[in-house]
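Coordinate inspection notes
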Amino acid sequence: MQKLAIQGGNRLNGEVRISGAKNAALPIMCAALLTADELRLDNMPDLHDVATMRKLLEQMGVKAVLQGNQMTLHGAHVDKLEAPYDMVKTMRAAVLVLGPLVARFGEARVSLPGGCAIGSRPVDLHIKGLQAMGAEISIEHGYIHARAKRLKGARIFFDIVSVTGTENLMMAATLADGVTLLENAAREPEVVDLAHCLRAMGAKISGDGTDTITITGADKLHGASHRIMPDRIESGTFLVAAAASGGSITLTDTRADILDTVLEKLTEAGAQIRVEGDRIHLQMNGRPKSVNLRTAPYPAFPTDMQAQFMALNTIAEGSAMMVETIFENRFMHVQEMRRLGAQIDIEGNTALVRGVTHLEGATVMATDLRASASLVIAGLVAQGETVIDRIYHLDRGYEHIEAKLSQLGANIRRIK
Ligand code: EPZ
C-alpha cells in the first residue's frame, strides 16, 4: 500500500500545467463504442481511472493505442458486450458503456455498481431512461441486462440531476430512431465536452450546457478527433492548496470560465486572482477567511471541491457552514481532519468548521478521491509530518500529483 509523506509549512509558488479532465475523458472514451471508425483523443490525462476504462474497452474488443497523451480508440471489432463486476466495482463510470452498447449493438450486460465511500449512487435514472427509449431491461445476478432492436427517441425527465445519467442517455440517443429530449439534464462542462465530441462524430445534439438537451438520432456515427477539456477540479484543487499555503501560483492550459463559483469563493477567502487566457494566477497573503458554501449541480459550487475547501476552512479565520446536497456521505474526510486538529461538527449534511491557527501533522487515511486531495492540502499546511495512507484513491483522479506539488515547492514524497 503506497503512502504520501508531507512535511507541512512550505508556501506553494510557481507554475503548474493542468491535465485533461478525468470526467470528460471517461465518457468520451466510451463514445468510441458508437462507431466502427477511429476516435483520436488528445490531452488525455495519465490517470488510474483512464487506464481502467481502457482495459475495460479493450476487453470488449476496442483497440486502444496510447502515444504520450494521445489515445486512438477503434471500435470496429467489438465482440463482448459486457462490463464485468470486477471493473465496475472499482470504477462506477464503467456504467457509461451501457448506453453506447445498447445503441449500436442492441444489447449490453453491465454490472450494477457497488456502493462507494461517498454514498449509494444508484443507476436507476440510467435504466429508466433506456426503458423510455424502448430497451427491455432485467436485473439478474447483479447485472443490468439490456436489449433493444433499435432504441427509439423519447422524452426523458431526470427527477435528480445526474451527470453520467445525462451522458449515458445522450450517447444512446445519438443512434436512436427519432428525437430524444433530456429534461432536467446535467449542465456540467464535461457533458458539453462530450457533446462537442459526439457532434464531431456526426451526431445531432443541441442544448448541451442547458437543462434541456435535444438529440436527433442518426443511422451511424463516424470517426473524429477531439481534444479533452482541462480538468476544472484539478485546477480548483491546486488553487485551494496555494491559497491554504499562503502562496502564489499560476495554472496553465486551464479554463477560468468553468470555475466561476470556485474563483468567487477563493476571492471571498481573501485570494487575489487574475485570469489571462488559459492561465489563472492566484496570490494569497496572510491567513484565509472562512467561507460558507453549499454544493449543488453546475453551475453552482461543485461537490467535487467541497472536501478541498473544507481543508482551507480548517485553518481560516472565523467559522464556516458547509452544506453537501449531492451525496449523502461525502464527509468521510472530516474524521481524518480531526486527527490533524481540525474543529469540525457535523449535523446531517452540514459541517460547521471553526478555523484554528494551525493543524498538526499525523497519520491519516484517504477514503475517496477528493477526500484524499483534501488531506494532501491539510498536510501541506500542518506543522510537522503528515502521512496519508491508501493513496490509490488519489492516483485515480490526479495526474502525478506529488511531482506537480514538489515542482511548486511542497515537501512531499511517495513511500512504499
Ligand atoms: C459524476 O458522478 C462525477 N463522476 C462525480 O465525480 C461527481 O461527484 C458527480 O457527477 C456529481 O457532480 C464522473 O463524471 C465520472 P450523479 P455521477 O449521477 O454521474 C444520484 C469525482 O470525484 N443518482 O450526478 O455518478 C446520486 O446518488 C467523481 O471525479 C441517482 O439517484 O453522479 C447522487 O446523489 C466523484 N440515480 C446524485 O444523483 C441515478 O441513476 C448525483 O449523482 C444517478 C444518480
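Quick note: structure is the one above.
Now for a quick tour of the structure.

Turning next to the overall build of the protein. Scanning the protein for helices and strands turns up 14 helices and 24 strands. Since a compact globule built from 416 residues should have a radius of gyration of about 22 Å, the 21 Å found for the protein is in line with a globular shape. Considering only intrachain contacts with a sequence separation of at least 6, the fraction spanning at least 24 residues in the protein is 74%. Surface summary for the protein: the accessible area is close to 15700 Å², and the carbon and sulfur share equals 49%. Separation between the mean location of the 44 positive side-chain charges and that of the 47 negative ones in the protein comes to 2 Å.

Among the 22 residues in the neighbourhood of the ligand, the closest are listed as Arg92, Asp124, Ser162, Thr164 and Asp304. Contact between the ligand and Asp124: a nitrogen atom at 2.7 Å from a side-chain N or O atom of the residue. Taking Val163, its main chain carries an N or O atom lying 2.8 Å from an oxygen atom of the ligand. Considering the ligand on its own, with 820 Å² of exposed area, one finds that the protein chains cover 91% of that surface. Elements supplying a minimum of two residues to the shell around the ligand: helix 1 (22-30), helix 5 (124-132), helix 6 (163-173) and helix 12 (369-381). Looking at the shell around the ligand element by element, the count peaks at three residues for helix 5. Class assignment for the residues of the shell around the ligand results in ten nonpolar, five polar and seven charged.

The next thing to look at is the packing of aromatic side chains. Considering all chains together, one arrives at one aromatic pair under this definition. With 5.4 Å between their ring centres and 85° between their planes, Phe301 and Phe309 make a pair best called edge-to-face. Classification of Phe301 by relative accessible area gives buried; the value is 4%. Lying over the aromatic face of Tyr143, Arg109 brings its terminal NZ or CZ to 4.8 Å of the ring centre.

Ranked by size, the top nonpolar core spans 81 residues in total, and within it Val97, Leu151, Met170 and Leu198 carry the most contacts. Leaving out residues up to four positions away in the same chain, Met170 has contacts with Leu182, Val191, Leu194, Ala195, Leu198, Ile205, Ile213 and Ile215. Among the nonpolar cores identified, the runner-up in size contains 66 residues, and Leu251, Met305, Met337 and Ile412 belong to it.

Counted at 1.5 Å a residue, the expected span for helix 2 (residues 48-60) with its 13 residues is 18 Å, and the 19 Å between its end C-alpha atoms agrees. Those residues of helix 2 that fall on the buried side of the exposure criterion are Asp49, Val50, Thr52, Met53, Leu56, Leu57 and Met60. The arc that holds every buried residue of helix 2, seen down its axis, measures 160°, which confines them to one face. Against helix 1, strand 5 (70-74), strand 6 (82-83), helix 3 (85-88), helix 4 (98-105) and helix 13 (392-397) lie the buried residues of helix 2. Note on helix 2: the residue one or two positions beyond its end, Gly61, has a positive phi of about 110°.

One open sheet holds the four strands; their spatial order is 22-23-1-24, and the pairing between them is mixed. Two strands in the sheet have a free side with no partner beyond their single neighbour: strand 22 (363-365) and strand 24 (411-415). The sheet shows a mean angle of 20° between the axes of neighbouring strands, direction not considered. Taken together, the four bridges between strand 1 (residues 3-7) and strand 23 (residues 385-389) define a ladder with antiparallel strand orientation. When the sheet's bridge partners are listed, Leu4 is paired in strand 23 with Ile388.

Conventions adopted
Residues numbered from 1 in each chain as written. Predicted model: local features only at pLDDT ≥ 70, side-chain atom pairs only at ≥ 80, totals over all residues. Heavy atoms only, no water. Helix = DSSP H or I, 4+ residues; strand = E, 2+ residues; numbered from the N terminus. Rg over C-alpha atoms; globule rule 2.2 N^0.38 Å. Contact = heavy atoms within 4.5 Å. Areas by Shrake-Rupley, 256 points an atom, 1.4 Å probe, with all protein chains shown as cover. Lys, Arg positive; Asp, Glu negative; His and termini not counted. Charge placed at Lys NZ, Arg CZ, Asp CG, Glu CD. Near = heavy atom within 4 Å. Polar contact = N/O pair within 3.5 Å; in protein donor to acceptor, adjacent residues only side chain to side chain. Nonpolar A, V, L, I, M, F, W, Y, C, P; charged D, E, K, R; others polar. Phe/Tyr/Trp six-rings, centres within 6.5 Å; stacked < 30°, edge-to-face > 60°. Buried < 20%, exposed > 50% of the residue type's maximum accessible area, 1.4 Å probe, protein only. Lys NZ or Arg CZ within 6 Å of the ring centre and 35° of its normal. Core = buried A, V, L, I, M, F, W, Y, C linked by side-chain atoms within 4.5 Å. Expected span 1.5 Å × (residues − 1). Arc of directions from axis to C-beta. Pairing = 2+ DSSP bridges. Axes fitted to C-alpha atoms, helices over the stretch in contact; angles between N-to-C directions.

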